[in-house]
Amino acid sequence: MWPAAGCDVGAKGRFGTYGGQYVSETLMSALLELEEAYSGIRNNPGFTRELDAYQRDYAGRPTPLTFCENASRELGCRLYLKREDLVHGGSHKLNNTLGQALLARQMGRKRLIAETGAGQHGVAAAIAGAVLGLPVEVYMGEADTQRQALNVFRMELMGATVIPVKSGTRTLKDAINEALRDWVENVQDTHYLIGSVVGPHPYPLMVRDFQSVIGRETREQVQKKEGRLPDAIVACVGGGSNAIGIFHPFLSDDVDLIGVEAAGKGIGTGEHSASLCAGEPGVLHGALSYLLQDRDGQVLPTHSIAAGLDYPGVGPEHAMLRDSTRVEYHTAVDHDVLEAFRFLSRMEGIIPALESAHAVAYVMKNADRFGRGDVVVINLSGRGDKDVAEVAKMQGCA
Ligand SMILES: *Cc1c(COP(=O)(O)O)cnc(C)c1O
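What you see is a predicted model; the values in this text were computed from it and never measured.

Tracing the backbone through its elements, the reader meets Ala143 in helix 6 (residues 142–147). Sequence separation between Ala143 and Pro164 is 21 residues, and the spatial gap between their C-alpha atoms is 8.3 Å. If we ignore the near neighbours within four places in the chain, the residues touching Ala143 are Thr169, Arg170 and Thr171.

Right, let's get into empty space enclosed by the protein. Taken as a whole, this structure holds one cavity of 30 Å³ or more when the rule is applied. Considering only enclosed or pocket space, the largest cavity measures out at about 70 Å³ in volume. Lining the largest cavity, in full, are Val198, Gly199, Gly282, Leu284, Ala287, Ser289, Tyr290, Leu291, Tyr311, Gly313, Val314 and Pro316. Contributing elements (two or more residues each) for the lining of the largest cavity: strand 11 (280–284) and strand 12 (287–291). Per element, the largest residue contribution to the lining of the largest cavity is four residues, and it comes from strand 12. Here the lining of the largest cavity is composed, by residue class, of eight nonpolar, four polar and no charged.

Our focus in this paragraph is the nonpolar core. Ranked by size, the top nonpolar core spans 53 residues in total, and within it Leu103, Met155, Trp183, Tyr192 and Tyr203 carry the most contacts. No other element matches helix 1 (residues 25–41), which puts seven residues into this core. Those residues in contact with Trp183 that lie beyond four places of it in its chain are Leu27, Ala30, Leu31, Leu34, Ile113, Thr190, His191, Tyr192 and Tyr203. If you look at the next biggest cluster of nonpolar residues, it comprises 37 residues, including Val234, Leu344, Met347 and Ala357.

The strand order across the open sheet formed by four strands is 7-6-5-8, and the pairing between neighbours is parallel. Every interior strand has two partners, whereas the edge strands, strand 7 (161–165) and strand 8 (190–192), have only one. For this sheet, the mean inter-axis angle between neighbouring strands, taken without regard to orientation, is 25 degrees. The pairing of strand 5 (residues 111–116) with strand 8 spans three bridges and is parallel. Pairing of Arg111 across the sheet is with Thr190, part of strand 8. Along the sheet, helix 5 (residues 120–132) contacts strand 5 and strand 6 (136–141); its crossing angle with strand 5, the most-contacted strand, is approximately 165 degrees.

This part takes up the site of the ligand. Around the ligand there are 18 residues in total, and Lys93, Gln120, Ser196, Ser241 and Ser381 lie nearest to it. Contact between the ligand and Ser196: an oxygen atom at 2.6 Å from a side-chain N or O atom of the residue. For the ligand, an oxygen atom lies 3.2 Å from a polar atom in the backbone of Gly239. In terms of residue class, the shell around the ligand is made up of four nonpolar, 12 polar and two charged.

Moving on to the pattern of salt bridges. Applying the stated criterion across every chain yields a total of 28 salt bridges. With a shortest N-O distance of 2.9 Å, Arg61 and Glu217 are connected by a salt bridge. You can see Arg61 sitting in the loop between helix 2 (45–59) and strand 3 (65–67) and its partner Glu217 sitting in helix 10 (residues 213–226), a full 156 residues away along the chain. With respect to class, Arg61 is no different from Glu217; both count as buried. Here Arg111 ties to Glu137 by a salt bridge, and the two come within 3.0 Å at their closest N and O atoms. Within this pair, whereas Arg111 is found in strand 5, its partner Glu137 is found in strand 6, the two being separated by 26 residues in sequence. By relative accessible area, which is 24% here, Glu137 ends up partly exposed. Residues participating in the shared-partner salt-bridge network are Arg42, Arg208, Asp209 and Glu317.

Right, let's get into the packing of aromatic side chains. Per the counting criterion, the structure on display carries six aromatic pairs. Ring geometry for Phe67 versus Tyr80: centroids 5.1 Å apart, planes at 55 degrees, classification tilted. Taken as a pair, Phe67 in strand 3 and Tyr80 in strand 4 (residues 78–83) lie far apart in primary sequence, 13 residues in all. Using a relative accessible area of 30% as the deciding quantity, one classes Phe67 as partly exposed. Arranged with centres 6.0 Å apart and planes meeting at 65 degrees, the rings of Trp183 and Tyr192 form a pair that is edge-to-face. The two residues Trp183 and Tyr192 agree in class, both being buried.

Procedures and definitions
- Residues numbered from 1 in each chain as written.
- Predicted model: local features only at pLDDT ≥ 70, side-chain atom pairs only at ≥ 80, totals over all residues.
- Heavy atoms only, no water.
- Helix = DSSP H or I, 4+ residues; strand = E, 2+ residues; numbered from the N terminus.
- Contact = heavy atoms within 4.5 Å.
- 1 Å grid on protein atoms, 1.4 Å probe; cavity = no way out; pocket = protein on both sides within 12 Å on 5 of 7 lines; lining within 4 Å.
- Points joined across faces, edges and corners; volume = space filled by probe spheres on them.
- Nonpolar A, V, L, I, M, F, W, Y, C, P; charged D, E, K, R; others polar.
- Core = buried A, V, L, I, M, F, W, Y, C linked by side-chain atoms within 4.5 Å.
- Buried < 20%, exposed > 50% of the residue type's maximum accessible area, 1.4 Å probe, protein only.
- Pairing = 2+ DSSP bridges.
- Axes fitted to C-alpha atoms, helices over the stretch in contact; angles between N-to-C directions.
- Near = heavy atom within 4 Å.
- Polar contact = N/O pair within 3.5 Å; in protein donor to acceptor, adjacent residues only side chain to side chain.
- Salt bridge = Lys/Arg side-chain N within 4 Å of Asp/Glu carboxyl O.
- Phe/Tyr/Trp six-rings, centres within 6.5 Å; stacked < 30°, edge-to-face > 60°.

Printed below as a string of structure tokens:
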């Protein structure tokens, strides 16, 4: 039905005109080496078998596809949740960190470095490093280490070293710059483990491949339960890895694919993270994609109630899928996200991550789009335990 747009990456790591490798000369050789190593193992049955075994016996895959009887009645469609909240660590992030850590070990790398904002990717990197026996150093803005002290403690419990970054605004983008600096200096023995489908080629391709297990499982499971493909698949979009992971195996099918960005306090307020819906093309962290920038090309500050969506950029494959209109991108505001967080908890006994609650909020606000018989799958990218203290505080309960 749809052309095989986005099914593979084009010349020089491009998705249409997006992506690429906008990096310094010193990083180019590291990227080329990674590209070569990755294409060597990409379709290697030995590597796939080893990764599959970790995904099954350690991470807990396949994750269930849960039919939501109560929410379906309420919303007037046949609602399913793809349960990435049940992956070890509590989100889809381990799908990627296990894949990259195994690749790094195969390449003979002796240490992993990672960047983290709220700490969720840092924790997933620490888990993968611990189980695969590779030391992990995580760069984290100093401001974030204070806000997310429990995640710092989690990483340290699992043997990782957290390096507070004191430059700039002491947040995620400063942590990324420090991690890149480290990588340039230590390319021979270090793998830089990026946490989403962002950064220079081959990261957007590689992370998408590792996350596509979500969509492959969903395809099989929904066909078993419904005897057909779903009418729509909805996922939240930060960097875009959980969304592309579930969308990718359906790109050539007649299935509505809907990405939901964080509108924060409202697009008009400027306090949001909706790079595809409100941004412009530009270069950030080594790739051309949509991003939030001012007229001079300065990256704008972002806001979301969900720390995992609070990023000014987005993966280049999403930029292409936006322009081609194969995927629809919408937004959800913080207020509606909180309502969705409570709705799913009460209806189904499942507390969603605030990130994932953006996808739930879209379906709630647009319930009249779907008919009674329509099969709708939401990618539940993570569990909400990490968010309950914050939501309690907002309600004045703590
Ligand atoms: C990190 C995170 C996200 C956002 O990252 P993507 O790359 O857009 O998937 C979404 N949900 C959860 C639970 C996360 O931890």
